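What follows is each chain in one-letter form.
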Amino acid sequence: MTATLSGRGLADGIRAEVAAEVAELTAAGTPPRLAVVVATADESSAWYVRSIARAAEKTGIACSAVDLGASATPEQIRAALEALSGDPAVHGIILQTPLPAGAVVEDLAGAIDPAKDVDGANPLSLGRLAAGLPAFAPATAEAVLALLDHHGVPLAGAHAVVVGRSTVVGKPAALLLLQRDATVTVCHSRTKDLAGVTRSADVLVAAVGRPELITAEHVAEDAVVIDVGTNPTADGGLVGDVDAGSVTGRVAGLTPVPGGVGPVTTALLLQHTARAARSRRP
Ligand code: NAP
């Protein structure tokens, strides 16, 4: 029997708390504002930005996209991030990916004020996270932990295997799992015998960007599987990095796609924005 580890209830709860906090902050004269810097014509990116804006609106957070166009230069992107970092009316800044050729997200995100870095993209934020200091964690990585906690999955001493080592998901998820006393293994495209490694996981986090890569042969019976993948399908839908049909019935729990990590990620971005506004309150 495989439990569906939905993120929707958790996301609704987080957004309700954020809405209450936003009302308080707005009444006190600090209405939280989130800015999303976009430099791509990518349609799935545009969809993601619209979904953040819709969720922000529901909580009372003002959200604006700063669209620099797909031909923006790294200098223009950096200048926009610096301007927003210096704007006292803006509390949260997200640098949307993909970026134009030649623009390196890890480099440009260094221009985001760490106090406004609500998606943990500034390398300083990741460094602080690694050092166990207060920082905004990348929201997707934090969503993985929030889902595991929400569904009561024990982490101390568990073997957690993260497939994927990106700066935005895999590495910070591994750091957060380590902070919670899991024994962590990180896999990537050069890992030998991926299925052999992932089968030893009590908790498996798939953050690969390869549709349905993880199948029954990759999972232990009774493992808990968090599917971070969001891969667009030809018919306009989404599939995860886990082949849900293949692992269902074998694992103890699996997050759905959509409706798992995604809504929690968005809710946490808004929670971070409200927190950033609170810390800036005069
Ligand atoms: P990414 O930057 O492309 O990183 C993918 C990682 O997977 C890399 O570390 C890569 O290894 C590894 N990999 C690729 N093929 C592999 C294979 N066959 N076996 C083992 N490892 C392999 O992707 P990302 O930004 O981390 O995103 C991962 C997925 O999460 C995507 O589907 C993305 O859409 C999704 N995502 C979802 C959310 C959400 O809120 N739900 C947010 C962000 C991302 P190398 O390092 O060796 O290349």
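Residues numbered from 1 in each chain as written. Predicted model: local features only at pLDDT ≥ 70, side-chain atom pairs only at ≥ 80, totals over all residues. Heavy atoms only, no water.

Trainee: Tell me what's going on with the overall build of the protein, and back it up with residues and numbers.
Mentor: Check the secondary structure of the protein and you find 10 helices and 11 strands. What you see for the protein is a C-alpha radius of gyration of 19 Å, in line with the 19 Å of a compact globule of 282 residues. Projected onto its principal axes, the C-alpha positions of the protein cover 50 × 40 × 40 Å. Relative to its 282 residues, the protein shows a buried fraction of 47%. Counted over contacts in the protein with a minimum sequence separation of 6, partners at least 24 positions apart contribute 71%. Surface exposure of the protein reaches about 12500 Å², of which carbon and sulfur atoms provide 54%. (Helix = DSSP H or I, 4+ residues; strand = E, 2+ residues; numbered from the N terminus. Rg over C-alpha atoms; globule rule 2.2 N^0.38 Å. Buried < 20%, exposed > 50% of the residue type's maximum accessible area, 1.4 Å probe, protein only. Contact = heavy atoms within 4.5 Å. Areas by Shrake-Rupley, 256 points an atom, 1.4 Å probe, with all protein chains shown as cover.)

Trainee: Tell me about the site of the ligand, residues and numbers included.
Mentor: Around the ligand, the surrounding shell holds 22 residues, and the nearest of these are T140, R165, S166, S189 and T230. S166 is positioned with one of its side-chain polar atoms (N or O) 2.5 Å from an oxygen atom of the ligand. H188 places a polar main-chain atom, nitrogen or oxygen, 3.4 Å from a nitrogen atom of the ligand. Here the ligand loses 71% of its free accessible area of 920 Å² to cover by the protein chains. Broken down by element, the residue count for the shell around the ligand peaks at three residues, all from helix α10 (residues 261-280). Each residue belonging to the shell around the ligand can be placed in one class, and the counts come to eight nonpolar, 11 polar and three charged. (Near = heavy atom within 4 Å. Polar contact = N/O pair within 3.5 Å; in protein donor to acceptor, adjacent residues only side chain to side chain. Nonpolar A, V, L, I, M, F, W, Y, C, P; charged D, E, K, R; others polar.)

Trainee: So what about unusual backbone geometry? Which residues, and what values?
Mentor: Between T97 and the following residue, P98, the backbone shows a cis peptide bond with an omega angle of 0°. Inspection of the secondary structure assignment puts P98 in the loop between β4 (92-95) and α4 (105-108). Between V257 and the following residue, P258, the backbone shows a cis peptide bond with an omega angle of -5°. Here P258 shows up in the loop between β11 (253-254) and α10. Not every positive phi belongs to a glycine, and D181 is a case in point at roughly 70°.

Trainee: Break down the environment of A206 for me, with residues and values.
Mentor: Note that A206 resides in strand β7 (residues 203-206). With residues up to four places along the chain from it excluded, the contact list for A206 reads V163, I214, I226, D227, V228, G229, D241 and V242.

Trainee: Explain the sheet that holds strand β5 (residues 159-163) residue by residue, including any values.
Mentor: Sheets are built from strands that pair by backbone hydrogen bonding, the pairs being arranged parallel or antiparallel. Strand order in the open sheet formed by six strands is β1-β11-β8-β7-β5-β6, with parallel pairing between adjacent strands. At either margin of the open sheet sits one strand with a lone partner, and together these are β1 (3-4) and β6 (183-187). Judged from the five bridges that link them, β5 and β6 form a sheet pairing that is parallel. Bridged to H159 within β6 is T183. (Pairing = 2+ DSSP bridges.)

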